[in-house]
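Listed here are the chains, written in short residue letters.
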Amino acid sequence: GGSGGGGRRCALVQMHTFEVWEGERLVAGEMGYSVGSIYTSLSGFSRASSAGSVQMAVTSSLLEHAGASLWDLGMDLPYKLDMGAQNIPRIEFLSLLNQGREWGEGTADDSAAAGGGAG
């Protein structure tokens, strides 16, 4: 991308999956996408007690390691808040979103592929 955006270049959208396996059984997973240094969760599931929490914790660690600047978890469900998610004011969210989606130094354009190796 990059044409028509007032001269700004934007990072490409990359899809990711995160999976948690217990032996041969898939017990939790998530699908999401990244743009620049922003990761957005789309949907997830859990088939075993605490497997979803493990998946979220590992995803968080991988995103941090990849240089993600923001993890958009969507709705503020209690289990997300219990794990440390925080609501931020809309104006701050939009500012962070715009900053993280810009292509350039300080964004995780290549390393935002945090799902690489996780699923």
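Residues numbered from 1 in each chain as written. Predicted model: local features only at pLDDT ≥ 70, side-chain atom pairs only at ≥ 80, totals over all residues. Heavy atoms only, no water.

1. Considerations on helix H1 (residues 51-66)
Compared with an ideal rise of 1.5 Å per residue, which puts 16 residues at 22 Å, H1 spans 22 Å between its outermost C-alpha atoms and is within 8% of the ideal. Buried positions along H1 lie against strand E1 (13-22), strand E2 (25-35), strand E3 (38-46), strand E4 (70-72) and helix H2 (78-82). The first or second residue beyond H1 is Gly67, which carries a positive phi of 90°. (Helix = DSSP H or I, 4+ residues; strand = E, 2+ residues; numbered from the N terminus. Expected span 1.5 Å × (residues − 1). Contact = heavy atoms within 4.5 Å.)

2. Section: the pairing of E1
Of the strand pairs in this sheet, E1 and E2 are connected by 10 bridges, and their pairing is antiparallel. By the bridge assignment, Glu19 is partnered in E2 with Gly29. In sequence, E1 turns back onto E2 through a hairpin of 2 residues, with Gly23 there showing a positive phi of about 65°. (Pairing = 2+ DSSP bridges.)

3. Some remarks on the environment of Leu97
Note on placement: Leu97 falls in helix H3 (residues 90-101). Note on Leu97: relative accessible area 12%, which makes it buried. Taking the C-alpha atoms as reference points, Leu97 and Trp71, separated by 26 residues in sequence, lie 9.8 Å from one another. Every residue in contact with Leu97, bar those within four places of it in the chain, is listed here: Ile38 and Leu70. (Buried < 20%, exposed > 50% of the residue type's maximum accessible area, 1.4 Å probe, protein only.)

4. A few points about the packing of aromatic side chains
Counted by the stated rule, this structure contains 2 aromatic pairs. When the centroid spacing of 5.6 Å and the interplanar angle of 90° are considered together, the rings of Phe18 and Tyr39 count as edge-to-face. Placement of the pair is Phe18 in strand E1 and Tyr39 in strand E3, with a sequence separation of 21 residues. Residue class for Phe18 comes out buried when judged on its relative accessible area of 3%. Connected via pairs of aromatic rings, a cluster forms that spans Phe18, Tyr39 and Trp71. (Phe/Tyr/Trp six-rings, centres within 6.5 Å; stacked < 30°, edge-to-face > 60°.)

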